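What follows is the residue order along each chain.
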Amino acid sequence: MSEIIIVEGVVKKYGDRAAVNGLDLRVNEGEIFGFLGPNGAGKTTTVRVISTLTDYSEGSVSVGGHDILKDPKEAKKLMGVIQQHISLDTDLTVRENMMHHAMMHKIPKSERMRRINELADYVGLDEYMDKMINTLSGGWKKRAATVCSLLHKPKVLFLDEPTVGLDVQARRLLWDIIRKLNDNGTTIFLTSHYIEEVEALCDRVGIINDGKLIALGTPSELCNKLGSTAVEYYGADNKTEYKYFTSREEANEFASSLGDVKTVIIRNTNLEDCFVELTGKSVSGP
């Protein structure tokens, strides 16, 4: 499997603080890659660096074989970016925003409306095309931003916290769009605070902490490294404790040894367990 994103030894500093600190990362073409980390760990900075929105101090980055410093125009042609905060023009309609993006990407006039209509239908935006952006809900704005980012047919789509602020229904609809895009060959680079989102969508997951990659693998690989079975119990110090085991039998034996405790749950280890154990922090929103 070919690697479409290669990050080697990247350092990005803000003053004396390294937001990204010697990061090495490779993303395979055609996968949905999830990027997890606590607040301030360097997730968004990493996305901004790879997508050429932020410069960096050391290292190298290539996208689709193009070094983003030496050949930025060719690298940018391969990328679509949906940032956490929607950057659509609120003084324009949905259609006008899409036309503006199409012209910015120098899409031939003969193709603009065909691509816009095709993608609008793809994400279910047809009836909203002539509405002003600021009249739409967060979910519909996100769909409009998705169309704008896809008009030039990028090979890689960066999604930075794509479902923050969306209701459950809108989140699940966006999940379906992400899966459709990936099924059609788009590589997805996804950052999220929602562990279940990453677990449901991603082929592989990288966990970043203090600007460094501390874990990488499929969700099941990361869970198995910790222990495939978890015992969750309410300890004597009035605090929920977690223990991890390689087999259900070991977990049952440990649970039996706990004696009289209020609550004991034996379950499969999940990605949130891995995140908390590796970073020492719970997952929280921005």
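The text that follows walks through the structure, step by step, so that each part is easy to find.

Each value, and the rule that gives it
Residues numbered from 1 in each chain as written. Predicted model: local features only at pLDDT ≥ 70, side-chain atom pairs only at ≥ 80, totals over all residues. Heavy atoms only, no water. Salt bridge = Lys/Arg side-chain N within 4 Å of Asp/Glu carboxyl O. Helix = DSSP H or I, 4+ residues; strand = E, 2+ residues; numbered from the N terminus. Buried < 20%, exposed > 50% of the residue type's maximum accessible area, 1.4 Å probe, protein only. Axes fitted to C-alpha atoms, helices over the stretch in contact; angles between N-to-C directions. Parallel < 35°, antiparallel > 145°, perpendicular 65-115°, else oblique. Left-handed = near helix turned anticlockwise from the far one by under 90°. Contact = heavy atoms within 4.5 Å. Nonpolar A, V, L, I, M, F, W, Y, C, P; charged D, E, K, R; others polar. Pairing = 2+ DSSP bridges. Core = buried A, V, L, I, M, F, W, Y, C linked by side-chain atoms within 4.5 Å. Domains from an automatic or database assignment. Polar contact = N/O pair within 3.5 Å; in protein donor to acceptor, adjacent residues only side chain to side chain.

**Details of the pattern of salt bridges**
Should their charged atoms come close, side chains of opposite charge can pair. Within the structure shown, the criterion is met by 13 salt bridges. Glu-232 is the partner of Arg-267 in a salt bridge, and the nearest nitrogen-oxygen pair spans 3.0 Å. With Arg-267 in strand β13 (residues 264–268) and Glu-232 in strand β11 (residues 229–234), this pair connects stretches of sequence that are 35 residues apart. The class for Arg-267 is buried, based on a relative accessible area of 18%. In this structure, Asp-273 engages Arg-267 in a salt bridge whose closest nitrogen and oxygen atoms are separated by 2.8 Å. The exposure class assigned to Asp-273 is buried, which follows from its relative accessible area of 6%.

**Observations regarding the packing of helix α8 (residues 219–226) against helix α10 (residues 271–279)**
Relative orientation of the contacting elements α8 and α10 amounts to 60°, with a least axis distance of 9 Å. Between α8 and α10, the angle falls in the class oblique. Viewed along their axes, α8 and α10 form a crossing whose handedness is left-handed. Contacts from Pro-219, Leu-222, Cys-223 and Leu-226 in α8 reach Leu-271, Asp-273, Cys-274 and Glu-277 in α10. When the residues that make up the contact of α8 with α10 are grouped by side-chain class, the tally is 6 nonpolar, no polar and 2 charged.

**Some thoughts on unusual backbone geometry**
Residue Glu-161 is not a glycine yet carries a positive backbone phi of 50°. Along the chain, Glu-161 falls in the loop between β7 (156–160) and α6 (168–183). At Asp-210, a residue that is not glycine, the phi angle is positive and equals roughly 50°. By secondary structure assignment, the location of Asp-210 is in the loop between β9 (204–209) and β10 (212–217). Judged by relative accessible area, which is 55%, Asp-210 ranks as exposed.

**Some points on the sheet that holds β9**
With mixed pairing, the 6 strands of this open sheet are ordered in space as β6-β7-β8-β3-β9-β10. Either end of the sheet is taken by a strand with one partner, and the two such strands are β6 (79–82) and β10. Direction aside, neighbouring strands of the sheet carry axes that sit 15° apart on average. In the sheet, strand β3 (residues 32–36) pairs with β9 via 4 bridges, with the strands oriented parallel. Along β9, the bridge assignment pairs Phe-33 with Arg-204. Contacts from helix α1 (residues 43–50) reach β3, β6, β7, β8 (187–191) and β9, with the element oriented near 150° to β8.

**Examining the nonpolar core**
Formed by 47 residues in total, the largest nonpolar core has its most connected members in Leu-36, Met-98, Leu-125, Leu-151, Ile-188, Val-205 and Leu-271. Both domains that meet at this core, namely domain 1 (3–218) and domain 2 (222–284), each give it at least three residues. Counting residues in each nonpolar core, the second largest holds 25 residues, with Phe-35, Ala-41, Leu-78 and Ile-208 among its members.

**Things to note about the sheet that holds strand β4 (residues 58–63)**
Taken together, the 4 strands give an open sheet; going across it, the order is β2-β1-β4-β5, and neighbouring strands pair in antiparallel fashion. At either end of the open sheet lies a strand with only one pairing partner, and these are β2 (17–28) and β5 (66–67). Alignment of strand β1 (residues 3–14) against β2, held across 9 bridges, turns out to be antiparallel. Note on β2: the bridge partner recorded for Val-7 is Leu-25. Of the strands in this sheet, β1, β2 and β4 touch α1, which is tilted by about 115° from β1.

**A word on the side chain of Arg-267**
Among the polar contacts listed, one links the side chain of Arg-267 to the side chain of Asp-273, at a separation of 2.8 Å. In contact with Arg-267, other than residues within four places in its own chain, are Ser-228, Thr-229, Ala-230, Glu-232, Tyr-242, Arg-248 and Asp-273.

No statement about biological role is implied by the geometric values presented.
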